Every structure is written in C-alpha cells, then in structure tokens.
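# Structure at a glance
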Amino acid sequence: MDIKIEDSWKSQLADEFSKEYFLQLIQFVKSEYKSHIVFPPGKQIFNAFDSCPFEKTKVVIIGQDPYHGSAQAHGLCFSVVDGIPKPPSLLNIFKELKLDIGKEIPSNGNLINWAQQGVLMLNATLTVRANEAGSHQNKGWEIFTDAVIKKLSDHKENLVFILWGAHAQKKANYINRKKHLILESAHPSPLSASRGFFGQNHFSKTNAYLEKNGKQPIAW
C-alpha cells in the first residue's frame, strides 16, 4: 500500500504499512471519510510526519485525538488552523509557556513553527469523526503510534518526550529512559491543568537537555 507520507518516515515505517492491522485501519478510515465528516482533512492525516522528518526529530509531544470541531484540526496535536480560536488546552499551554520562559501568548494557535524545528506533534489517534471525541480510538491508530514511538526510541539518541496526561503517559512503555528524557505532567485541559500542569517548566527543561546534548534549542 502506498501511503503518502514524508520520505524518511516512509522508509522507517515501511514494515508497519504492510501489517494486517494497518491495512484494516486504512479501510476503516477510508469508509469513515466517505460516510461521515472526519477530521483532519484527509491530506493532513500525516501532517505531523510531513512537517517533521524522522532525522530532524528532537522532541515529541503526544496528544490524544485530533480536535473534533469544524476546521480546527490539521494533523498536529494541540495545534489549530490559522485564524481559529485557541481551544482551552492550547491556551493553557501558552500560559505555561509564558510562566516558564516569559513568551507572550501569541495571537495564532498554529504550531507548525514548532514542528518545522524538530518537534513531532503526534496524536495517539490520527483521525476523529466530527463532534464525536474518541470515535476513532481502538481502531488501530494506537498500535501505529506506539510503533512510531518505539522506532524513535530505538534509532535515535537524546530525544525529549513530553507526555501530558495519563493517556500520553502510556506511551512511556515504548521509550528507553536511559537514552532519552521523558517529561510527564497533568494534561493541559481546564479539568486538570491546575493539578500539576502549570509550573512544570517543560519548555525550558527541554531546551536545557537539548543544549546539554549539543542540539539546537527550540524557539518556542
């Protein structure tokens, strides 16, 4: 099956694309796009990978589902399309960013600039039905993104994995803690941000680790 994805990721994940679970997943996703409104747009399902090639990846931020509201999702976790109001979780991320490094909250919620600097903005599930949170969970995407995490952990050195909330923290099972830095906290959603998300300083900790290991820090 020819999956339209950035070349370095295509090479790394070639074995995954031929597995039975993935073939069934793609058939499910195709049928969903034909019969329902599904986000993100089909051409942006693999936008996180297209925007951040394997060899350039330095940081991984893991989300859960794409946003399920109209015109929000574009394939990068927590990010929204230009001109779309910032969802509450993203606003809290920006508030923490200001607390941590003093960066003013931007007018735009599009995080493509992070991705282009080597931050893989990965949702655990890459598609969702409109207005139905979690509707594409347990269909195979989680197996795929587990494989992505393991591939990064096994074949790269000194990455930073940022795991916000219990759902993302499950991915820690696939990360070698001896080779990489794992930063964990509560989720930035309004329900949990005040219970252990704010004040964790993950942005400055990420850059300190990257610099310590001879890598360019992220201009958050």
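Details of the structure are given in the entry above.
For every chain, the first residue of its written sequence is number 1, and the numbers climb from 1 along that sequence. Under the rules for a predicted model, residues below a pLDDT of 70 receive no local features and side-chain atom pairs below 80 are neither given nor counted, while totals for whole chains, interfaces and linings still include all residues. The basis for every side-chain value is the complete set of non-hydrogen atoms in the structure, without hydrogens or water.

## Let's talk about the nonpolar core
To form a nonpolar core, buried Ala, Val, Leu, Ile, Met, Phe, Trp, Tyr and Cys residues must be joined to one another through side-chain atoms within 4.5 Å. Accessibility here uses a 1.4 Å probe with only protein chains present; expressed as a share of the type maximum, an area under 20% marks a residue as buried, one over 50% as exposed, and anything in between as partly exposed. Of all hydrophobic cores here, the largest spans 66 residues; its most connected members are Phe22, Phe46, Phe49, Ile61, Trp114, Leu120 and Phe144. Working definition: helices are DSSP H or I runs of at least four residues, strands are E runs of at least two. Numbering for both runs from the N terminus. It is helix α3 (residues 20-35) that provides the largest number of residues to this core, a total of six residues. Residue contacts are counted whenever heavy atoms from the two residues lie within 4.5 Å of one another. Setting aside residues up to four positions removed in sequence, Phe22 forms contacts with Ile3, Glu16, Phe17, Phe46, Trp141 and Phe144.

## Let's talk about the side chain of Thr125
Along the polypeptide, Thr125 turns up in the loop between β3 (119-123) and β4 (128-129). Given the relative accessible area of 0%, Thr125 is considered buried. Residues adjacent in sequence count toward polar contacts only when both atoms are side-chain atoms; beyond that, a polar contact is any pair of N or O atoms within 3.5 Å, and within protein one must be able to donate a hydrogen and the other to accept it. At 3.3 Å, the side chain of Thr125 forms a polar contact with the side chain of Glu142.

## Structural notes on the layout of surface pockets
Quantified by volume, the largest pocket comes out at close to 470 Å³. A cavity here means a set of points on a 1 Å grid, drawn over the protein atoms and nothing else, where a 1.4 Å probe fits but cannot get out; a pocket is an open set with protein on both sides within 12 Å along at least five of seven lines, and a residue lines either one if it has an atom within 4 Å of a point. In terms of lining, the largest pocket is formed by 28 residues, of which the most central are Gln64, Asp65, Pro66, Tyr67 and Ser89. The space that makes up the second largest pocket amounts to roughly 390 Å³. In terms of lining, the second largest pocket is formed by 14 residues, of which the most central are Ile3, Lys4, Gly42, Ile45 and Phe46. Of all the elements, α3 adds the most residues to the lining of the second largest pocket, at four residues. The class makeup of the residues in the lining of the second largest pocket is eight nonpolar, one polar and five charged. Grid points are joined across faces, edges and corners, and a volume is the space filled by probe spheres set on the points. Each residue gets one label: Ala, Val, Leu, Ile, Met, Phe, Trp, Tyr, Cys and Pro are nonpolar, Asp, Glu, Lys and Arg are charged, and the others, such as Gly, are polar.

## Topic: α3
One less than the residue count of a helix, multiplied by 1.5 Å, gives the span that helix is expected to have. The end-to-end C-alpha distance of α3 is 23 Å, a good match for the 22 Å that 16 residues give at a rise of 1.5 Å each. Residues of α3 that are buried: Tyr21, Phe22, Leu25, Ile26, Phe28, Val29 and Glu32. Burial along α3 is one-sided: seen end-on, the buried residues are contained in an arc of 165°. Looking at α3, the residues exposed on the side facing more than 90 degrees away from the buried face are Glu20 and Lys34. In this fold, the buried residues of α3 make contact with α2 (14-17), β1 (38-39), β4 and α7 (141-155). Read the arc as the range of directions from the helix axis to the C-beta atoms.

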